[in-house]
Amino acid sequence: MASHSIAGGKEFDDTASLLEAYTTLYRGYQSLENSAHPSNSSEYQKTLSCLIKEAELLVHGVNQHGVFGKNENLDELPVDHIRFILLPALLGSFTSKLTPTGQPKNLSQHRKETILKSQVYYKDFLKLCKQYGVESPYLEEEDDSKESKKLFEKDAFSRKSERVLRFKAKKLLDTQLQALLTQISLDHVADSTKADYYRKLLDHWILTAVEEIEFIEEEIAILDHMSTLKLQDKPSQPPKPKFQASRPFILTKSDLQKQVFGAGYPSVPTYTVEEFYEAQVRAGQLPPPGSAGQDNSTSEAEAAEQQEIVKEYKVECDDAEALKKAREWDDWKDDHRRGWGNRKNMG
């Protein structure tokens, strides 16, 4: 693809240099439109970025030289200056074709920001056309006060009908522009022929801008919908269960002790031995009293463990008989160390 450069990034000396730069820019646009390179190729995107920079420089030069005066209309502009009204539309076209380099974190958001910027350029172009009194039936379609609602208020049939009409009008304008382009390429051209050509070129880009703004609104709606779906698809982490610590309790031997401890610790539950044992039976931690079938189905290890639990609870509750047995067992273990039994034939 041929490279196009205007003014080398320098300031423009006069309006003649501006006109020359515009001609180079528009040829670059036409070359890009007819390019065989894919729009996402590095060569295409490199040329596109250069054209955007050149268009921005040209806009700065037009403003610097005061090409457009206040309170002017299209008839008061020099014929050769009419073409500068197209600069925002060209920037809108260039910007909409930009693709990101590398892999952005949020591709949908990046694309949305790009096309919103393109939309701003197209709307600036339509405002500029209105400001200079360009007459076009399609200019009235773009109303800033209704821009976000108008598109979706129309049914599919109405939108399709309008697009068909715009397509036919654009095809007719393209035919007329091609015939006028042949005439203005001659050495001696009447200003009226040039004016006719640039007015029809404005009409062509007005149709393009209205179409592109509509397409951008639809694409934004799709991108927003995709973002919503992505948020819904993210697996929501279930809330972690709150850890509930076991409430402390006081184990008492009798109802009398329960009343005493309960009075001193009103927020701490108290149990007698019998109440605690019944609670453990209900929880399945201890066998019900006198259940022989339960002993048959329970392993010896579980039975021993359950007996040990009952024994410990009795000792803790100062059960006299259990406490006596425990002390006697401790004394016996002190006098009969492990391994002090039959030591015969052990060397």
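Quick notes on the rules
Residues numbered from 1 in each chain as written. Predicted model: local features only at pLDDT ≥ 70, side-chain atom pairs only at ≥ 80, totals over all residues. Heavy atoms only, no water. Helix = DSSP H or I, 4+ residues; strand = E, 2+ residues; numbered from the N terminus. Buried < 20%, exposed > 50% of the residue type's maximum accessible area, 1.4 Å probe, protein only. Contact = heavy atoms within 4.5 Å. Areas by Shrake-Rupley, 256 points an atom, 1.4 Å probe, with all protein chains shown as cover. Core = buried A, V, L, I, M, F, W, Y, C linked by side-chain atoms within 4.5 Å. Patch = residues over 30% accessible without salt bridge, like charges linked within 9 Å, V, L, I, M, F, W, Y side chains within 5 Å. Salt bridge = Lys/Arg side-chain N within 4 Å of Asp/Glu carboxyl O. Lys, Arg positive; Asp, Glu negative; His and termini not counted. Charge placed at Lys NZ, Arg CZ, Asp CG, Glu CD. pLDDT = per-residue confidence, 0-100. Expected span 1.5 Å × (residues − 1). Phe/Tyr/Trp six-rings, centres within 6.5 Å; stacked < 30°, edge-to-face > 60°. Axes fitted to C-alpha atoms, helices over the stretch in contact; angles between N-to-C directions. Parallel < 35°, antiparallel > 145°, perpendicular 65-115°, else oblique. Left-handed = near helix turned anticlockwise from the far one by under 90°. Nonpolar A, V, L, I, M, F, W, Y, C, P; charged D, E, K, R; others polar.

Helix and strand counts for the protein stand at 12 helices and two strands. Helices and strands appear in the protein in the N-to-C order α-α-α-α-α-α-α-β-α-β-α-α-α-α. For the protein, the residues scored as buried account for 30% of the 347 residues in total. Looking at the protein alone, contacts between residues at least 24 apart form 66% of all its contacts between residues at least 6 apart. As presented, the protein carries roughly 23,400 Å² of accessible surface, and 52% of it is formed by carbon and sulfur atoms.

Relative to the assigned elements, Glu56 resides in helix 2 (residues 42–64). Residues Glu56 and Pro88, 32 residues apart in the sequence, show an inter-C-alpha distance of 9.1 Å. Not counting chain neighbours up to four residues away, the residues in contact with Glu56 comprise Leu91 and Tyr121.

To continue, consider the nonpolar core. The nonpolar side chains of soluble globular proteins are, as a tendency, buried together. Grouped together as the largest cluster of nonpolar side chains are 58 residues, with contacts concentrated most on Leu90, Phe94, Phe125, Trp205 and Ile206. Mapped onto this core, the elements with two or more residues apiece are helix 1 (15–33), helix 2, helix 3 (87–96), helix 4 (107–131), helix 6 (156–184) and helix 7 (191–233). Residues within four places of Phe94 in sequence aside, it is in contact with Leu25, Tyr29, Leu32, Leu48, Leu51, Ile52 and Ala55.

On to a negative patch on the surface, then. A contiguous patch of negative charge, built from Glu328, Asp331, Asp334 and Asp335, is present on the exposed surface. Tracing the backbone shows Asp335 in helix 12 (residues 320–335).

A word on the confidence of the model for the protein. With 69% of its residues at a pLDDT of 70 or more, the protein shows a mean pLDDT of 78. The secondary-structure element of the protein with the lowest mean pLDDT is helix 10 (residues 292–297), recorded at 49, while helix 3 shows the highest, at 96. When the criterion is pLDDT under 50, residues 245–250 qualifies, and its contacts beyond four places in sequence or with other chains add up to 14 contacts.

Turning next to helix 6. With 29 residues, helix 6 should reach 42 Å at 1.5 Å per residue; the first-to-last C-alpha distance of 41 Å fits that figure. Those residues of helix 6 that sit buried are Arg166, Lys170, Leu173, Leu177, Leu180 and Ile184.

Let us look at helix 2. With 23 residues, helix 2 extends 33 Å from end C-alpha to end C-alpha; this agrees with the ideal 33 Å at 1.5 Å per step. The inward-facing, buried residues of helix 2 contact helix 1 and helix 3. One or two steps after helix 2, the chain reaches Gly66, where phi turns positive at roughly 60°.

Applying the stated criterion to the full structure yields 11 salt bridges. A salt bridge links Glu33 to Lys97, with the nearest nitrogen and oxygen atoms 3.4 Å apart. On the criterion of sequence distance, the pair formed by Glu33 in helix 1 and Lys97 in the loop between helix 3 and helix 4 is long-range, its members being 64 residues apart. By relative accessible area, which is 23% here, Lys97 ends up partly exposed. The partner of Arg163 in a salt bridge is Glu214, and the shortest N-O contact between them spans 2.6 Å.

So, about the packing of aromatic side chains. Geometry of an aromatic ring pair is reported as the spacing of the ring centres plus the angle between the planes. Going through the model one piece at a time under the given rule, you end up with seven aromatic pairs. Their ring planes at 55° and their centres at 5.4 Å tell us that Phe68 and Tyr132 sit as a pair that is tilted. Residue Phe68 is found in the loop between helix 2 and helix 3, and its partner Tyr132 is found in the loop between helix 4 and helix 5 (147–153); the two are separated by 64 residues along the sequence. Of the residues examined, Tyr132 reaches a relative accessible area of 1% and is grouped as buried. These aromatic residues form a ring-pair network of at least three members: Tyr22, Tyr26, Tyr29, Phe84, Phe94 and Trp205.

Take the packing of helix 2 against helix 3 next. Two elements in contact, helix 2 and helix 3, have axes whose closest approach is 10 Å; the angle formed by their N-to-C orientations is 160°. Judged by the angle between their axes, helix 2 and helix 3 are roughly antiparallel. Judged by the twist between their axes, the crossing of helix 2 over helix 3 is left-handed. Along the contact surface, helix 2 presents Leu48, Leu51, Ile52, Ala55, Glu56, Leu58, Val59 and Val62, while helix 3 presents Leu87, Leu91, Phe94 and Thr95. A per-class count over the contact of helix 2 with helix 3 returns 10 nonpolar, one polar and one charged.

A separate point is the side chain of Gln119. Topologically, Gln119 is positioned in helix 4. In this view, Gln119 contacts Ile213, Ile216 and Glu217; residues no more than four positions away in its chain are not counted.

Remark: helix 3 packs on helix 4, axes separated minimally by 8 Å, with the N-to-C direction vectors making an angle of 165°. The angle between the axes of helix 3 and helix 4 places the two elements in the roughly antiparallel class. Two packed elements cross with a definite hand, and for helix 3 against helix 4 that hand is left-handed. Contacts between helix 3 and helix 4 pair Pro88, Ala89, Leu91, Gly92, Ser93, Thr95 and Ser96 from the former with Arg111, Thr114, Lys117, Ser118, Tyr121, Tyr122, Asp124, Phe125 and Leu128 from the latter. Here the residues of the contact of helix 3 with helix 4 sort into seven nonpolar, six polar and three charged.

The topology assignment puts Ile222 in helix 7. Ile222 gets classed as exposed once you look at its relative accessible area, which sits at 51%. Between the alpha carbons of Ile222 and Ser108 there is a distance of 9.7 Å; along the sequence they are 114 residues apart.

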